[in-house]
Amino acid sequence: MSTSIIPKMPFVWPEPRVSSGVGRYETALPFEVAARAALSVFGVVSAIDARAVGWMEGYLADNMETKLRLVISIHPTCRTSESDLQDLLRLVERHGDRAAFKVFPEASLFDRSSNLLCLCGADGNVAVSVGPTENMGFAPASPSQANLAAIVTAATFEACRKWFDYLWGIAGPLRPDVASMMPNLVLPEGDVEAARLWEDYRRRCLAHESATEPLVRAVVDPESGEVVLVDQNNEAVPSPTEAIGVPKLDPLSDSVARVFELGALVSVDKLSRIPPLEAPVKPEWFGVDSFRQTGMVKAQTSFKVAPFDESTLKKIDRLRRVSGDLLPRYSFALADGVRWMPKQAIPLFEAALTAANDDAKKLLGQAIGDDIEAFLASQRERIRSDAQRMYEAYHPDGKIPDNAVTNILDELKTRLDRTKADKLIPKVAYSPVAFNPSQKSEWSSPWGQAFALLKGIAEFPREAMTNRFFWQGIRTDEDALIKAMNVAGDHIVEEYGSRKAKQRAELELDLIKQLEDAPSDALAKCRALWSLITTGKEDAVVALVDEAVTKTK
């Protein structure tokens, strides 16, 4: 029975399990899941037929927000027919500006276009599927055809966009006369003897028996898709990439790299932060020097004025700084001051920011109303009275100048005017990050950061079940957040909330703490922790902890 494969990006298709017949893709298109999730698809596809047109129809019909822009490459004798082009025209009639096509006839039978589909997701992720397989991927794919499906960087996607925009500009429009006039060409039938000679030649080329080369065959693991070359004695022999020193990811490195791709670095954008509402004012307005020095002694004086009472000011300031307070609840620490957030947790995090921003706007509105100038006018006498008392502390029986009070009110107005912006809470920035185990040196290693991430991933659901203060202040749905933060297929999440899971969580948290304190190297810790997370097996963690205890005796 063949294995049903649901590939996850990045991947190359057809993969060895499919080519060798020990596996099959669950969907007709290997990249079906990513394509269906995209809000817009553009690119160039060659030699389409009714299957590709049918997929386009389903893509547009299933989501009224999706859009499609394709250049159709055709060449003499290709599988595309007049009826296929007519079907594309009817598809445009049904879906309007959501679908548009152009045609690029290749100059000769020997010319072949690239096949490049660019996928834009609703979450901002961009991906491509590129390779030689025609008909959007519905054509039979030879084992020699490598098609790559991968999430790409913004710079890579921009290069694809520019390339496509140029091709779109020089391709011809798909018109009814263009569709109806397409020649129905076929390859001329060759000589039977020529066909036999070619088949004999092909069989000879693919035969592995040789007087000079040992017999080698490929064995494909039906679970992992790993390929091992073996000789006639069934002994493993070096692969061609091994022979030239190409680094190979072990299963742990591959798994960790894929986890890193599921999130991004996140940080608070300090430039978007509005300043504190408590305004600093010049000491000179109170008749005081801001800086004094007598010999070796220095003194610096500063004054601040709040627009409203201390209690309200503290509530607004607490909400204004909530980005930094919420961040640890929706992300994991990679290092001091460096945090990583799962992409699927971003909508939940931003919904929490929106709710906090609404609370801050509401509280501010209750404090100052809709008219800032009117509010400050109503506070003028209070501010003048408080400033007068402060002035008298430095100048008994003195009177604060009227222009000083006016200056204070101007400073407060400048601060409060900034609150008219849509966001009282600072924005955040997301940056891609990748894990590359081959990038190491005497002074650098990626495994310490990897352990920090895996530790955070492991602790999150276990702390959520055992720490009664964990959910305090979090308004996000508990199940939704646990699911979003589970980027490593944690075994304990399957039974989240059960009594058995809670008991196990307490035990495993203690093991994780002991593992963190163990003097073992970071790679060994990652291997043990990954096993605990994904299988629930404690053996590797216990072994490292016991080894550390033995060494200290």
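For the structure itself, consult the block above.
Small disclaimer: the values here were computed from a predicted structure and weren't measured.

Engineer: How should I be thinking about the overall build of the protein in this particular structure?
Structural biologist: Scanning the protein from terminus to terminus reveals 19 helices and 21 strands. Against the compact-globule benchmark of 24 Å for 553 residues, the protein has a radius of gyration of 33 Å, which places it well outside the compact range. Counting only C-alpha atoms, the protein reaches 120 × 80 × 55 Å along its principal axes. By the burial criterion, 39% of the 553 residues in the protein qualify as buried. Considering only contacts in the protein between residues 6 or more positions apart, those separated by 24 or more positions represent 72%. For the protein, the exposed surface amounts to about 31600 Å²; the carbon and sulfur share of it is 54%.

Engineer: I tried to follow the pairing of strand 16 (residues 291-294) on my own but got confused; where do I start?
Structural biologist: In terms of strand pairing, strand 16 meets strand 17 (residues 297-300) through four bridges, oriented antiparallel. Its bridge partner being in strand 17, Thr-294 is matched across the sheet by Val-297. Where strand 16 folds back on strand 17, the antiparallel hairpin that results is connected by two residues, among which Gly-295 adopts a positive phi of roughly 60 degrees.

Engineer: Looking at this model, I keep getting lost on the sheet that holds strand 19 (residues 332-335). Mind explaining?
Structural biologist: To summarise the sheet geometry, strands pair through backbone hydrogen bonds and adopt either a parallel or an antiparallel arrangement. Within the open sheet, the four strands sit side by side as 19-20-14-21. Their pairing is antiparallel. Since the sheet does not close on itself, it has two edges, and those belong to strand 19 and strand 21 (428-431), each with one partner. Pairs of neighbouring strands in the sheet enclose a mean axial angle of 40 degrees, with direction left out of account. Here strand 14 (residues 263-268) pairs with strand 20 (residues 338-342) via four bridges, running antiparallel. What sits directly across from Gly-263, in strand 20, is Pro-342. Each of strand 19 and strand 20 is contacted by helix 15 (residues 447-466), which is oriented at about 165 degrees to strand 19, the strand it contacts most.

Engineer: Please explain the sheet that holds strand 12 (residues 227-230) as it appears in this structure.
Structural biologist: Reading across from one edge, 11-12-13 is the order of the three strands in this open sheet, with antiparallel pairing throughout. Bordering the open sheet on either side are strand 11 (217-220) and strand 13 (236-237), each of which pairs with just one other strand. Summarising the sheet, strand 12 and strand 13 pair through two bridges and their orientation is antiparallel. For Leu-229, the partnering residue across the bridge sits in strand 13 and is Val-237.

Engineer: Mind showing me how you'd approach empty space enclosed by the protein here?
Structural biologist: A water-sized probe rolled over the atoms picks out the places where empty space is left. For the structure on display, the rule yields three cavities of 30 Å³ or more. By volume, the largest cavity is sized at about 70 Å³. Along the walls of the largest cavity sit 13 residues, with Asn-115, Leu-117, Ser-129, Thr-133 and Met-136 positioned nearest its centre. For the lining of the largest cavity, the secondary-structure elements that each account for two or more residues are strand 7 (115-121) and strand 8 (126-131). Here the lining of the largest cavity is composed, by residue class, of seven nonpolar, six polar and no charged. In this structure, the second largest cavity encloses a volume near 40 Å³. Listed by contribution, the elements that provide at least two residues to the lining of the second largest cavity are helix 15 and helix 16 (478-485). With three residues, helix 15 is the single largest residue contributor to the lining of the second largest cavity.

Engineer: For this particular structure, what's the right way to read a positive patch on the surface?
Structural biologist: Taken together, Lys-270, Arg-273, Lys-315, Arg-318 and Arg-321 make up a surface patch of like positive charges. Tracing the backbone through its elements, the reader meets Lys-315 in helix 10 (residues 310-320).

Engineer: Can you help me understand unusual backbone geometry in this one?
Structural biologist: Comment: phi is negative for the bulk of residues other than glycine, and the bulk of peptide bonds are trans. Residue Pro-10 is reached from Met-9 by a cis peptide bond, and omega for that bond is 0 degrees. Here Pro-10 shows up in the loop between strand 1 (3-5) and strand 2 (11-13). The linkage connecting Trp-13 with the following residue, Pro-14, adopts the cis geometry, with an omega of -5 degrees. One can find Pro-14 in the loop between strand 2 and helix 1 (16-19). In this structure, Asn-234 is a non-glycine residue whose phi angle is positive, near 65 degrees. The topology assignment puts Asn-234 in the loop between strand 12 and strand 13. With a relative accessible area of 49%, Asn-234 lands in the partly exposed category. The residue Asp-397 is not glycine, and still its phi comes out positive at about 70 degrees. Here Asp-397 is to be found in the loop between helix 13 (372-394) and helix 14 (402-417).

Engineer: I'm lost on the packing of helix 15 against helix 18 (residues 522-535) in this one. Help?
Structural biologist: Each pair of packed helices gets described by two things: the angle between the helix axes and the distance between those axes. Running from amino to carboxyl end, helix 15 crosses helix 18 at an angle of 25 degrees, the nearest separation of the two axes being 9 Å. Here helix 15 is positioned roughly parallel relative to helix 18, judged by the angle of their axes. For the pair helix 15 and helix 18, the sense of crossing is left-handed. Every residue of helix 18 that contacts helix 15 at Trp-447, Gly-448, Ala-450, Phe-451, Leu-454, Lys-455, Ala-458 and Arg-462 is listed here: Ala-522, Leu-523, Lys-525, Cys-526, Leu-529, Trp-530, Leu-532 and Ile-533. Looking at the contact of helix 15 with helix 18 residue by residue, the classes come out as twelve nonpolar, one polar and three charged.

Rules behind the numbers
Residues numbered from 1 in each chain as written. Predicted model: local features only at pLDDT ≥ 70, side-chain atom pairs only at ≥ 80, totals over all residues. Heavy atoms only, no water. Helix = DSSP H or I, 4+ residues; strand = E, 2+ residues; numbered from the N terminus. Rg over C-alpha atoms; globule rule 2.2 N^0.38 Å. Buried < 20%, exposed > 50% of the residue type's maximum accessible area, 1.4 Å probe, protein only. Contact = heavy atoms within 4.5 Å. Areas by Shrake-Rupley, 256 points an atom, 1.4 Å probe, with all protein chains shown as cover. Pairing = 2+ DSSP bridges. Axes fitted to C-alpha atoms, helices over the stretch in contact; angles between N-to-C directions. 1 Å grid on protein atoms, 1.4 Å probe; cavity = no way out; pocket = protein on both sides within 12 Å on 5 of 7 lines; lining within 4 Å. Points joined across faces, edges and corners; volume = space filled by probe spheres on them. Nonpolar A, V, L, I, M, F, W, Y, C, P; charged D, E, K, R; others polar. Patch = residues over 30% accessible without salt bridge, like charges linked within 9 Å, V, L, I, M, F, W, Y side chains within 5 Å. Salt bridge = Lys/Arg side-chain N within 4 Å of Asp/Glu carboxyl O. Lys, Arg positive; Asp, Glu negative; His and termini not counted. Charge placed at Lys NZ, Arg CZ, Asp CG, Glu CD. Parallel < 35°, antiparallel > 145°, perpendicular 65-115°, else oblique. Left-handed = near helix turned anticlockwise from the far one by under 90°.

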